[in-house]
Amino acid sequence: MRALRVLLRKEFLQIFRNPALVRMLFLIPVVQLLVLSNAATFEVKRARMYVVDQDRSTVSRGVSDRLAASGRFVPAGASGSVAAGQEALMRRNVELIVVIPSGFERDVVRTRRAAIQLLLNAEDGATAGVTAAYAREILARYARELPGVSARAPAPARIEVRTRGWYNAELDYRHYMVPGILVQLVTIVGTLLTAMNIVREKEAGTLDQLNVTPVSRGTFIAAKLLPLWTIALAVLGIGLTVAHLVFGVPMRGSLPLIFLAAGLYLVAALGIGLWISSVTETQQQAMFVNFSILMVYLLMSGLFTPVSAMPEWAQRVAEFNPMMHFITLMRNVMLKGAGLADVARQLLILGAAGAVVLTVAVRQYHKRAG
Amino acid sequence: MNAIMVRELTRRFGRFTAVDAISVDVAAGEVFGFLGANGAGKTTAIKMLIGLLAPSSGSARVAGYDVLTQSDAVRRNIGYMSQRFSLYDDLSTRENISLYGGIYGLRDAEIRTRGDELLRHLGMEPIADALVGTLPLGWKQKLAFSVALLHRPAVVFLDEPTGGVDPVTRRQFWEMIYAAAARGTTVFVTTHYMDEAEYCDRLSIMVDGRIAAMGTPAALKAEFGVASIDEVFVRLARPATAAAGG
């Protein structure tokens, strides 16, 4: 215990004596949130639309008016011909075509159901998906307001474009991105700092010096990981504060629950850093291995591309990615207000991932080379 | 009982044998010089003795404990100073002393008295709170040696402790080594300076992983019929260097 105490003191002294590191730790959350949440967004600001209204009815005109009134769609052409619309789409004059078939109003009035076709420029699949989701959302709302033909049939009408994004009612994409970016942030801080910190001691020769002392492997690892674990949680705290104050991202769930999950998740993140440090000899190597791992880790996490859009095998692989589960948990707790029971599965997975990764990493670390 | 007993100690890396069945005995309180050209296997041998590297075969006891099976007991009873300066540059002198004192389980009061004594002895009291990284190399090395002795180990291993320091500081360093030996500490030291080799009670010269010669400086000079250890070294090391193509 005494050795652990003096080693912890050493680690904290060294960390806070490194002004570049301290600045980085406090600036990274701010910069990443500001830059990434604005840049790495699929939000569709003003999609130009071409309206092919083959129905020319009050209801069909309402559809194009509603879309335009949302401010997310700008009318950029209209005719009765789909072909003319497609040409505009191909020339990139518009991003989408809204085709309202003839008989649309009649269907709405008689059967309370009608279909609309959206033709999208899907070169950027994610953007197209978001565009479609916005249209669905707007049309669903419109449909609910349509009056029925008779007072005996007051069932709300449905326009056949189903909608998603219930939990982002403000349609602010940053609210969706920020929790994921916070996860990525603590991952980088935790993994990279751990690996670099230990490898730096390897390079300086001080690790050999420590390995010659009676300090046990467990004490050494605890003294290395505890300070970085604490710091990563502090960085998360800063990130959450910035997210709330600057972006107005809601915190509908419990803050202690977020930190509980982060604490568990960080065991895995730091464990990966520890493992990297034991298989590399220099800081460059550690950096390289780190980014190779993080890259895959990030891409398979659902931060930038939804996991549900991945092929079957990739979805199965992603199940083993603790980062994906932590991102899901963060979004659920922050945006939907999910409670302990709702995210119990993610918590269990995070705990298990931490236990497995740490065990592997500790076994990999030896005081004496084989 | 001997402080260090090495029997047929061997370390292979793949097909290359870095240390080839060496056997050495060092008596308690002795200053033992462990010489050899670069790449002769000195550092590999030391790493096995201090528990940083597992031997391929053979055995070694240090301070009465088996390095393979009782490595923790060995670690409690040895001090080590590597050729790479091994204190923390971003901690002060006093913080380094407290760290290593605490690691070896010294009580706070002990750390304070031994630390004060060490600083007074080195004349470093006025700069005890300066970061070690700001000190001149000679001071750092004397400090590193003193810190390696802080827990009063039975055996201290010094791997090229005087590399890159001026002759005056080297002289002072050797006075510290003698003082430690006089207190009963066994000193196992490697060096490239042949004048330093003459200061040792006994020494061995490693060539290509084997111990090519061992004895007191006087005995070795007599055996080879030369006037200095430098000449002994060159006679032993040169055939190896020539064979290696350099």
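Thresholds, definitions, all that
Within each chain, residue numbers correspond to sequence positions counted from 1 in written order. Here every chain gets a letter starting at A, and every ligand a number starting at 1, in the order they are written. This being a predicted model, a pLDDT of at least 70 is required before a residue's local features are given, and a value of 80 or more before pairs of side-chain atoms are given or counted; all residues contribute to the totals for chains, interfaces and linings. Only hydrogens and water are set aside when side-chain values are computed; all heavy atoms of the structure are taken into account. Secondary structure counts use DSSP, requiring at least four H or I residues in a row for a helix and at least two E residues in a row for a strand, with both numbered from the N terminus. For the exposure calls, accessible area comes from a 1.4 Å probe over protein chains only, and a residue counts as buried if that area is under 20% of its type's maximum, exposed if over 50%, partly exposed in between. Two residues form a contact once any of their heavy atoms are found within 4.5 Å. Every definition here rests on a 1 Å grid over the protein atoms only: cavities are sets of points where a 1.4 Å probe fits but cannot get out, pockets are open sets enclosed by protein on both sides within 12 Å along at least five of seven lines, and lining residues have some atom within 4 Å of a point. Grid points are joined across faces, edges and corners, and a volume is the space filled by probe spheres set on the points. For this scheme, ten residues count as nonpolar: Ala, Val, Leu, Ile, Met, Phe, Trp, Tyr, Cys and Pro. Four count as charged, namely Asp, Glu, Lys and Arg, and the remainder, Gly too, count as polar. Classification of ring pairs uses Phe, Tyr and Trp, with its six-membered ring standing for Trp, and accepts pairs whose centres are within 6.5 Å; under 30 degrees between planes counts as stacked, over 60 as edge-to-face, and the remaining range as tilted. Here a salt bridge means any side-chain nitrogen of Lys or Arg lying within 4 Å of a carboxyl oxygen belonging to Asp or Glu. Domains are outlined according to an automatic or database domain assignment. Axis angles are defined between N-to-C directions and span 0 to 180 degrees, where every axis is a line fitted to C-alpha atoms and, for a helix, only to the segment in contact. Working definition: roughly parallel below 35 degrees, roughly antiparallel above 145 degrees, roughly perpendicular at 65 to 115 degrees, and oblique for all remaining angles.

(A) Seen up close, the overall build of chain A. A tally of regular secondary structure across chain A gives 14 helices and six strands. Going through the 370 residues of chain A one by one, you find that 50% of them count as buried. Residue pairs at least 24 apart in sequence account for 78% of intrachain contacts in chain A once pairs closer than 6 positions are excluded.

(B) Region of the structure containing empty space enclosed by the protein. For the structure shown, the criterion picks out two cavities of 30 Å³ or more. As a volume, the largest cavity reaches approximately 90 Å³. Lining the largest cavity, in full, are A:Gln209, B:Gly79, B:Tyr80, B:Met81, B:Ser86, B:Leu87, B:Tyr100, B:Tyr104, B:Ala144, B:Val147, B:Ala148 and B:His151. Those elements that provide at least two residues to the lining of the largest cavity are β6 (78-81) and α5 (137-148) of chain B. Across the lining of the largest cavity, the residue classes tally to eight nonpolar, four polar and no charged.

(C) View of the packing of aromatic side chains. All names here are of chain B. Tallying each qualifying case throughout the model produces nine aromatic pairs over all chains. Arranged with centres 5.1 Å apart and planes meeting at 35°, the rings of Phe-145 and Phe-173 form a pair that is tilted. One end of the pair, Phe-145, is in helix α5; the other, Phe-173, is in helix α6 (residues 167-182), with 28 residues separating them in the sequence. Judged by its relative accessible area of 1%, Phe-145 is buried. The class of Phe-173 is buried, set by a relative accessible area of 2%. An angle of 55° between the planes, with centres 5.3 Å apart, marks the rings of Phe-157 and Phe-188 as tilted. Of this pair, Phe-157 sits in strand β7 (residues 155-159) while Phe-188 sits in strand β8 (residues 186-190), and the two are 31 residues apart along the sequence. In terms of burial, Phe-157 and Phe-188 fall into one category: buried. By the ring-pair criterion, three or more aromatic residues cluster together here, those being Phe-32, Phe-34, Phe-157 and Phe-188.

(D) Looking closely at the interface of chain A and chain B. Each partner contributes to the interface: chain A provides 28 residues, whereas chain B provides 37 residues. Between B:Glu95 and A:Arg17 there is a salt bridge, with its nearest N and O atoms 2.7 Å apart. Of all the secondary structure elements, the ones that give two or more residues to the side of chain A that touches chain B are α1 (2-16), α7 (173-204) and α8 (206-212) of chain A. In terms of residue class, the side of chain A that touches chain B is built from ten nonpolar, seven polar and eleven charged.

(E) A look at the pattern of salt bridges. Residue and element names in this part refer to chain A. Under the defined criterion, the tally for this structure stands at 25 salt bridges over all chains. Close ionic contact of Arg-106 with Asp-107 constitutes a salt bridge, the shortest N to O distance being 3.5 Å. For Arg-106, a relative accessible area of 45% puts it in the partly exposed group. Each of Lys-10, Glu-11, Glu-201 and Lys-224 takes part in a single network of salt bridges with overlapping partners.

(F) Focus on the domain arrangement of chain A. The domains assigned to chain A are domain 1 (2-40 + 172-364) and domain 2 (47-160). Relative placement of domain 1 of chain A and domain 2 of chain A: their C-alpha centres are 44 Å apart.

(G) How the structure looks around the packing of helix α3 (residues 58-69) of chain A against helix α5 (residues 104-111) of chain A. Residue and element names in this part refer to chain A. Remark: α3 packs on α5, axes separated minimally by 7 Å, with the N-to-C direction vectors making an angle of 105°. Between α3 and α5, the angle is such that the two are roughly perpendicular. Judged by residue contacts, Thr-58, Val-59, Ser-60 and Val-63 of α3 engage Phe-104, Glu-105 and Val-108 from α5. Looking at the contact of α3 with α5, its residues break down into four nonpolar, two polar and one charged.

(H) Structural view of unusual backbone geometry. Residues and elements named next belong to chain B. Non-glycine residue Ala-21 carries a positive phi angle of around 50°. With respect to the element layout, Ala-21 can be found in strand β2 (residues 16-27). Even without being glycine, Ala-63 reaches a positive phi, approximately 55°. Here Ala-63 lies in the loop between β4 (57-62) and β5 (65-66).

(I) Broad picture of the side chain of A:Asn197. All names here are of chain A. On the secondary structure map, Asn-197 appears in helix α7. Taking relative accessible area as the criterion, Asn-197 reaches 8% and is therefore assigned buried. Those residues in contact with Asn-197 that lie beyond four places of it in its chain are Glu-11, Lys-224 and Leu-228.

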